[in-house]
Amino acid sequence: MNWFLAAIPNPERKAPAALTDKVDLVLGIAAWAGTAAGVAGVLVTGAMMAISMKRGESSEHMSRLGMVLGGCVLIATAGPLVQFVFN
């Protein structure tokens, strides 16, 4: 009856140092590129807002800005969120 209470093996997770260094490098580059894309997105959206205001046009720039800022928040919290889930 108590067969389901048996100890479940939990092996230690140890990746080779050479592999972790390469993965850290790739993730660092991806994080940098995501941050740069977020900054570029905010700048482009701001420029589009300024141009449309000067022309007297109304557009949905606030929704675009919200999407860009949402992406920035997602990029900024991706690392801590994954670390929280897997620790």
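So, a few notes on the structure that sits alongside this text. (Residues numbered from 1 in each chain as written. Predicted model: local features only at pLDDT ≥ 70, side-chain atom pairs only at ≥ 80, totals over all residues. Heavy atoms only, no water.)

**Thoughts on the side chain of Ser52**
The cut-off we apply is this: Helical segments are the DSSP runs of H or I of at least four residues, strand segments are the runs of E of at least two, and each set is numbered from the N terminus. Counted as a polar contact is a pair of N or O atoms within 3.5 Å, where, for protein atoms, one must be capable of donating a hydrogen and the other of accepting one, and residues adjacent in sequence contribute only when both atoms are in side chains. Contact definition: two residues touch when any of their heavy atoms are within 4.5 Å.
Tracing the sequence through the fold places Ser52 in helix α1 (residues 17–55). Engagement of the side chain of Ser52 in a polar contact is seen with the backbone oxygen of Met49, the distance being 3.0 Å. What Ser52 contacts, discounting residues up to four positions off in sequence, is Glu57, Ser59 and His61.

**Some remarks on the side chain of Thr45**
For the record, the criterion: Burial here depends on accessible area, computed with a 1.4 Å probe over protein chains only, as a share of the maximum for the residue type. Under 20% is buried, over 50% is exposed, and the range in between is partly exposed.
Mapped onto the fold, Thr45 is located in helix α1. By relative accessible area, which is 6% here, Thr45 ends up buried. A polar atom in the side chain of Thr45 sits 2.8 Å from the backbone oxygen of Gly41.

**Notes on α1**
The following threshold applies: A helix is expected to reach a length of 1.5 Å times the quantity of its residues less one.
The end-to-end C-alpha separation of α1 is 57 Å, in line with the 57 Å expected for 39 residues at 1.5 Å each. When α1 is considered as a whole, its buried residues turn out to be Gly34, Gly38, Gly41, Thr45 and Ser52. Two residues or fewer after α1 comes Gly56, characterised by a positive phi angle close to 85 degrees.

**Comments concerning the layout of surface pockets**
Threshold: Here a cavity denotes a set of grid points, spaced 1 Å apart and computed over the protein atoms alone, in which a 1.4 Å probe fits but from which it cannot get out, and a pocket denotes an open set meeting protein on both sides within 12 Å along at least five of seven lines; residues with an atom within 4 Å of a point are reported as lining. Grid points are joined across faces, edges and corners, and a volume is the space filled by probe spheres set on the points. In this count, Pro and Cys sit with the nonpolar residues alongside Ala, Val, Leu, Ile, Met, Phe, Trp and Tyr, while Asp, Glu, Lys and Arg are called charged and the others, Gly among them, polar.
Approximately 160 Å³ is the volume found for the largest pocket. Lining the largest pocket are Asp24, Leu27, Gly28, Ala30, Ala31, Ile75, Ala78 and Gly79. Residue assignment for the lining of the largest pocket shows that the elements contributing at least two residues are α1 and α2 (61–86). Ranked by the residues each element gives to the lining of the largest pocket, the list is headed by α1, at five residues. Classifying every residue of the lining of the largest pocket gives five nonpolar, two polar and one charged.

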